[in-house]
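Observations on the model geometry
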Amino acid sequence: MSFAAGGVSVEAVGVRRAFGPHVVLDRLNLRVAAGEFVAIVGRSGSGKSTLLRLLAGLDQPTAGEVRIDGRPLAGLSPRTRVLFQDGRLLPWLRVGENVALGLDDRRRENAARLLERVGLATRAADYPGVLSGGQRQRVALARALAAEPGFLLFDEPLGSLDALTRVEMQRLVEELWRERPFTGVLITHDVAEAVTLADRVLLLEGGGIRAEWPVPFPRPRATGSPDFARLVEGVLGRVLGRPAQMT
Amino acid sequence: MSRALTPWLLPLVLLLAWQAAGKLGWLSTRVLPTPLEVGRAGVKLTASGELPRHLGVSFARAAAGFVIGTTLGLALGVLTGTSRRAERLLDTSVQMLRTIPHLALIPLVILWFGVGEAAKVFLVAVGVLFPVYLNTYHGFRTVDSGLIEMGRVYALGRWQLFRRVLWPGALPSVLVGVRYALGVMWLTLIVAETIAATSGVGYLAMNAREFLRTDVVVLSILLYALLGKLADGVARLLERRLLPWHPAFVQPIAAAANPDDSVGSEL
């Protein structure tokens, strides 16, 4: 497939976000190279959602700045898309229309192609209400990619899916990311998922990035290996604030 | 088949009992004429052209008032529902006016417009305006904010956001308002026509009362019931047509997989 432009680099420089006296993020620095897939993990309340909204341009930092391809971000970026936790399909539009939402004429044909790619071409004329949770997230994924985003944010998109559907979705996300040159940032509290999908895992804690693990495993990833389990265990131990233990 | 007929069983039994009671003299026809007599009155008035004329007049008043009231209510509701500035400017005033029962305006309306058409149309329009306004406003204000945020991220401009997200999101509530307004429409018309009119179904009933024609009075009441039911049917049809995605109307998966509705024609 031909795409007009590749992934974009994403940076957060000295970002601070306070809500009144409550400081959620402070002096946060972050750099994601173009085409890289990074996961940010953290416990609930660590500011993951706040960071996601800042990176998406849905919210502005109190101080510091977010840069997309080196340019300071002010408001929404036309090349950024978000895969939301709950899909957020429009219930009154058919699946095909949902995928084509907001596409310009040049990208219109992407919709049918991506719907086919996620295996739901036959459901184009259905309303989202009759789809299963996993199917809805596949439609949302197709919609996000139809716009040929340079930067795709994943907001715990698989959190509400059952275990099998989750594994399927993880494979699909990995495949699609390898096919296309977008920059991915996954925000999650699921360490195993982070290690499965990302090139690097970052820990968000106390308002900043506090630790970083490269994930060296070749793709497509086999999640059953002892090395994989050890890395997951190590990250999890750090997230929970106890020393990593080998099992 | 039997399922479709079940709701009509009770009315039928009541009708038969009513006819029998009248025929056997248990019920004075002065108090309540038998259904057959009412039917005969209907046939006679239809043949003379009187009934169609009054029905037509009532219908025209209802429709004119409804269209005016709904249009204004919708416009105001869309305005205050989508713009904080319009909401601050207008909502308090509209909510204040809403607390006045519109039928309390009758004496004033007669002073302003006399007993002509304008008075009835005005009253219906005022009665219809508020339920439509309230539900439209409420509908827009309760559209899922997550979907609005999604729309912004997915590069929808202001008009696209309105057309794709806000309006369809508010529509179920708008239609609740319309349905309620249809009820208000008939109620207002009945009251207005019985108090000050020289034509219309309400006038027909009041005029018949003076001549002790109980059959015509009962006929008029039944006509109102019929018209009300008809309006409700139209509202339901509208809901079905406009909200095909709604869980209340959504078709089973097999029926929804219509080959004519393939994605090609949608894009």
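Residues numbered from 1 in each chain as written. Chains lettered and ligands numbered in written order. Predicted model: local features only at pLDDT ≥ 70, side-chain atom pairs only at ≥ 80, totals over all residues.

The number of helices and strands found in chain A is 7 helices and 10 strands. Taking 247 residues into account, the globule formula puts the C-alpha radius of gyration at 18 Å, and chain A, at 18 Å, falls close to it. The proportion of buried residues among the 247 residues of chain A is 47%. Within chain A, contacts between residues separated by at least 24 positions form 71% of all contacts whose residues are at least 6 apart in sequence. (Helix = DSSP H or I, 4+ residues; strand = E, 2+ residues; numbered from the N terminus. Rg over C-alpha atoms; globule rule 2.2 N^0.38 Å. Buried ≥ 20, exposed ≤ 12 C-beta atoms within 10 Å, placed from the backbone. Contact = placed C-beta atoms within 7 Å.)

Taken residue by residue, the interface counts 25 residues in chain B and 27 residues in chain A. Every element with two or more residues in the side of chain B that touches chain A is listed here: α7 (145–153), α8 (158–195), α11 (253–256) and α12 (263–266) of chain B. Among the elements that line the side of chain B that touches chain A, the one with the most residues is α7(B), at 6 residues.

The subject of this paragraph is the confidence of the model for chain B. Averaged over every residue, the pLDDT of chain B is 88; the share at 70 or more is 93%. This stretch, residues 253–267 of chain B, has a pLDDT under 50; its non-local contacts, to residues over four places away or in other chains, come to 22 contacts. (pLDDT = per-residue confidence, 0-100.)

Residue and element names in this part refer to chain A. As summarised here, the arrangement of the 4 strands in space is β2-β1-β4-β5, forming an open sheet in which the pairing is antiparallel. The sheet terminates laterally at β2 (22–32) and β5 (71–72), the two strands that pair on one side only. Of the strand pairs in this sheet, strand β4 (residues 63–68) and β5 are connected by 2 bridges, and their pairing is antiparallel. Its bridge partner lying in β5, R67 is registered against P72. Sitting on the sheet, helix α1 (residues 48–56) is in contact with β1 (10–19), β2 and β4, with an inclination near 125° to β1. (Pairing = 2+ DSSP bridges. Axes fitted to C-alpha atoms, helices over the stretch in contact; angles between N-to-C directions.)

We now examine the UniProt feature "domain: ABC transmembrane type-1" (unreviewed entry) in chain B. Sequence positions flagged by UniProt for "domain: ABC transmembrane type-1" (unreviewed entry) are, in local numbering, residues 55–235 of chain B. With 86% helix and 0% strand, residues 55–235 of chain B has end C-alpha atoms that lie 20 Å from one another. (UniProt positions renumbered as here; feature names shortened; annotations may be inferred.)

Here we come to the nonpolar core. L115(A), L153(A), V185(A), A198(A), V201(A) and M185(B) are the most contacted members of the largest nonpolar core, which totals 112 residues. Counting residues per element, this core draws most heavily on helix α6 (residues 117–141) of chain B, which supplies 15 residues. V38(B), A41(B), L204(B) and L219(B) belong to the second-largest nonpolar core, a separate cluster that totals 11 residues. (Core = buried A, V, L, I, M, F, W, Y, C linked by C-beta atoms within 7 Å.)

Time to look at the UniProt feature "domain: ABC transporter" (unreviewed entry) in chain A. When the UniProt feature table is mapped onto this chain numbering, "domain: ABC transporter" (unreviewed entry) sits at residues 10–231 of chain A. Helix makes up 31% of residues 10–231 of chain A and strand makes up 28%, while its end C-alpha atoms are separated by 25 Å.

Moving on, we get to helix α4 (residues 133–146) of chain A. Residues and elements named next belong to chain A. The first and last C-alpha atoms of α4 sit 20 Å apart over 14 residues, in line with the 20 Å expected at 1.5 Å per residue. Within α4, 11 of the 14 residues are buried, leaving the element largely enclosed by the surrounding structure. Regarding α4, the residues found buried are R136, Q137, R138, V139, A140, L141, A142, R143, A144, L145 and A146. On the buried face of α4, the contacting elements are β6 (80–83), α2 (95–99), α3 (108–117), β7 (151–155) and α5 (163–179). (Expected span 1.5 Å × (residues − 1).)

Let's shift gears to the UniProt feature "transmembrane region" (unreviewed entry) in chain B. Residues and elements named next belong to chain B. Within this structure's numbering, the places UniProt gives as "transmembrane region" (unreviewed entry) are residues 59–79, 184–204 and 216–238. Within the segment residues 59–79, helix and strand shares are 100% and 0% respectively, and the terminal C-alpha atoms sit 30 Å apart. Along residues 216–238 the backbone is 100% helical and 0% strand, and the end-to-end C-alpha distance reaches 33 Å.

With that settled, consider helix α1 (residues 2–23) of chain B. Residues and elements named next belong to chain B. Taking 1.5 Å per residue, 22 residues should reach 32 Å; α1 reaches 30 Å between its end C-alpha atoms and fits that length. Its axis deflected by about 45° at W8, α1 carries its strongest bend there, up to four residues before the proline P11. Following α1 by one or two positions, G25 has its phi on the positive side, about 80°. (Bend = angle between axes of the 7 residues up to and from the residue.)

Further remarks concern the packing of α6(B) against α8(B). All names here are of chain B. The geometry of α6 relative to α8 is characterised by a closest axis approach of 7 Å and an angle of 155° between their N-to-C directions. When the axes of α6 and α8 are compared, the pair comes out roughly antiparallel. α8 is crossed by α6, and the crossing has right-handed handedness. (Parallel < 35°, antiparallel > 145°, perpendicular 65-115°, else oblique. Left-handed = near helix turned anticlockwise from the far one by under 90°.)

Our next topic: the packing of α3(A) against α4(A). All names here are of chain A. Running from N to C, α3 and α4 cross one another at 140°; their axes reach a closest spacing of 9 Å. In terms of axis orientation, α3 runs oblique to α4. Considering how the two elements wind past one another, α3 and α4 form a crossing that is right-handed. Along the contact surface, α3 presents N110, A111, L114, L115 and R117, while α4 presents A142, L145 and A146.

Residues and elements named next belong to chain A. For strand β8 (residues 183–188), the buried fraction is high: 6 of the 6 residues fall into the buried class. Where burial is concerned, the two faces of β8 agree: the one with T183, V185 and I187 and the one with G184, L186 and T188 are both buried. Sheet analysis places strand β3 (residues 37–41) next to β8, joined by 5 bridges and oriented parallel. If you follow I40 over to β8, its bridge partner there is I187. The sheet contact formed by β7 and β8 spans 5 bridges and is parallel.

On to unusual backbone geometry. In terms of backbone geometry, most residues other than glycine have negative phi values and most peptide bonds are trans. Residue and element names in this part refer to chain A. In this model, R219 is joined to P220 through a cis peptide bond whose omega is -5°. Structurally, P220 can be placed in the loop between β10 (208–214) and α7 (226–239). Residues other than glycine seldom take positive phi values, yet R88 does so here, at roughly 55°. Here R88 is to be found in the loop between β6 and α2.

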